[in-house]
Amino acid sequence: MGVETLATFAVAAAASLFMAWAIGAGSSGSTPFAPAVGANAISVLRAGLIVGVLGFSGAVLQGANVTEAVGGELIIGEPLTAVAAIVGLLTAAVLVALGVFAGYPIATAFTVTGAVVGVGLAMGGAPAWGKYTEILTLWTLTPFVGGGIAYAIARLIRGDRFDEDRLIAGLAGVVGALIANIGFTFLGPAGEQGSIAGTLGATTGLSTTAGVVVATLGVALTAMATLWLALNRDRAAGQRRFLLFLGGLVAFSAGGSQVGLAIGPLVPLLGSGINIPLWAVLVGGGFGLLLGSWTGAPRMIKAISQDYSSLGPRRSIAALIPSFAIAQTAVYFGIPVSFNEIIVSAIVGSGLAAGNAGVSRDKMLYTVLAWVGSLVSAFVIGYVVYTAVQLVL
């Protein structure tokens, strides 16, 4: 490896670390525990500490899919060069950092995607329309699906039709079933992921499908029974523990999804004379997320938890369940997704179930404009800056 190649990669890696810090301080570090903080289930500083550790774990164990998608599936025909990666990462990181310090949740996925596509097209690459369709479909459906499910769950919990404890325990069973079927690197063969249900199902002696179903039901019933017992001992404490557990799941999922936004542009460089395994890059990206969560996330946690809606434990639970499901769907399909969009939509949906309680319409309007503006700005700036750099070089 030549000195020039090593130096260029080092600059790109530094830009990637800055991007990871910005994501940890903004999207993945602030959103997972914002509903729990808003419900007074955990302090702001403790939330930032825990989300950093869980985000790091998610980055290492689930980050490969989105990382490879961002690095190689957004542009056709022209793999990103080191200079393009640097320009794209710095463009996105600066915009996200500005959002963090201004107190507005810039959509990280929008920003990184726009910047990478901008520099990729400036390089002469072709648009990956198929991937763009997948991404835009998820981005468009997220507010309606996440907010709608959160609204429905919150209405059910608030209503008199079902016993509250049984309903929340049933929701824990649904979450358990989801956990049983998400992918983890350490459960699959080399280069692949495996699930808890698949691993346990293989020990039952049944067919693959039957084994997965039995294992899924087992995990779901265990989760349901555990929370049911906790709720019967102390309803408030049981709800608080379930809420914190959900926040942890969303934090883990955030790491698995968001790390790819920071280190994805480095992936094309790994096969060009730089022999660094993907897992090592994932660890580096996860470390950047952790630093961002510990040093910059508290400001955004406070903004999201207090400015969008006044949520109690029940509505916070309603917001986090669809957030976890959508996040894991994005991880599975390798689609960069905005956690700010997921969480904010779910918070608003659960807040509306209480008759528009505490939802700031002005804040929501500014946030949506920030999301759209971040995508367009990142694309334009990335394209222009890379073109200018090429003219100079």
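Residues numbered from 1 in each chain as written. Predicted model: local features only at pLDDT ≥ 70, side-chain atom pairs only at ≥ 80, totals over all residues. Heavy atoms only, no water.

(A) Here's a closer look at the overall build of the chain. The number of helices and strands found in the chain is 17 helices and two strands. Counting the 393 residues in the chain, one finds 53% classified as buried. If you take every contact in the chain between residues at least 6 apart in sequence, the share linking residues at least 24 apart comes to 84%. Element-wise, carbon and sulfur atoms account for 67% of the exposed surface of the chain, whose accessible area totals about 16100 Å². (Helix = DSSP H or I, 4+ residues; strand = E, 2+ residues; numbered from the N terminus. Buried < 20%, exposed > 50% of the residue type's maximum accessible area, 1.4 Å probe, protein only. Contact = heavy atoms within 4.5 Å. Areas by Shrake-Rupley, 256 points an atom, 1.4 Å probe, with all protein chains shown as cover.)

(B) Examining the confidence of the model for the chain more closely. Averaged over every residue, the pLDDT of the chain is 83; the share at 70 or more is 89%. Of all secondary-structure elements in the chain, the lowest mean pLDDT belongs to helix α2 (residues 27-30), at 63, while helix α11 (residues 208-233) reaches the highest, 94. (pLDDT = per-residue confidence, 0-100.)

(C) The arrangement of the packing of helix α15 (residues 313-333) against helix α16 (residues 339-352) in detail. Where α15 contacts α16, the axes come no closer than 8 Å and their chain directions differ by 145°. With respect to the hand of their crossing, α15 and α16 are arranged in right-handed fashion. Taken together, the residues of α16 that come into contact with α15 (itself represented by R315, A318, A319, L320, P322, S323, I326 and A327) are F339, I342, I343, A346, I347, S350 and G351. Its residues assigned to classes, the contact of α15 with α16 comprises 11 nonpolar, three polar and one charged. (Axes fitted to C-alpha atoms, helices over the stretch in contact; angles between N-to-C directions. Left-handed = near helix turned anticlockwise from the far one by under 90°. Nonpolar A, V, L, I, M, F, W, Y, C, P; charged D, E, K, R; others polar.)

(D) Quick peek at the environment of P298. Among the structural elements, P298 can be located in helix α14 (residues 297-307). When the C-alpha positions of P298 and L49 are compared, they lie 9.3 Å apart, and in sequence the two are 249 residues distant.

(E) How the structure looks around the packing of aromatic side chains. All chains considered together, the criterion is met by six aromatic pairs. Summarising the aromatic geometry, the rings of W129 and Y132 are spaced 5.6 Å apart at their centres and angled 85° between planes, so their arrangement reads as edge-to-face. A residue pair is termed a helical-turn pair when its members lie 3 or 4 positions apart in one helix, as W129 and Y132 do in helix α8 (residues 129-158) at three residues. Under the relative-accessibility criterion, Y132 is labelled buried at 13%. (Phe/Tyr/Trp six-rings, centres within 6.5 Å; stacked < 30°, edge-to-face > 60°.)

(F) Up close: helix α5 (residues 64-72). When α5 is considered as a whole, its buried residues turn out to be A64, V66, T67, A69, V70 and G71. Residues of α5 that are buried in the fold lie against α4 (44-62), α7 (108-123), α8, α12 (235-263), α13 (278-295) and α15.

(G) Representation of the nonpolar core within the structure. Grouped together as the largest cluster of nonpolar side chains are 102 residues, with contacts concentrated most on M19, V175, F242, L246 and I321. For M19, the contacting residues outside a window of four places in its chain are L89, A92, A93, V96, T108, V112, L261 and A262. (Core = buried A, V, L, I, M, F, W, Y, C linked by side-chain atoms within 4.5 Å.)

(H) Seen up close, α11. With 26 residues, α11 extends 38 Å between its outermost C-alpha atoms, agreeing within 8% with the 38 Å of an ideal straight helix rising 1.5 Å per residue. Those residues of α11 that sit buried are G211, A215, T216, A220, L227, A230 and L231. In this structure, the buried side of α11 is in contact with α9 (164-181), α10 (196-201) and α12. (Expected span 1.5 Å × (residues − 1).)

(I) Structural context of the packing of α8 against α15. α15 packs onto α8 with a crossing angle of 155° between their chain directions and a minimal axis gap of 8 Å. With respect to their mutual orientation, α8 and α15 come out roughly antiparallel. For the pair α8 and α15, the sense of crossing is right-handed. Together, K131, L138, T142, G146, I149, A150, I153, A154 and I157 of α8 and R314, R315, A318, A319, I321, P322, I326, A330 and F333 of α15 make up the contact between the two elements. The class makeup of the residues in the contact of α8 with α15 is 13 nonpolar, two polar and three charged. (Parallel < 35°, antiparallel > 145°, perpendicular 65-115°, else oblique.)

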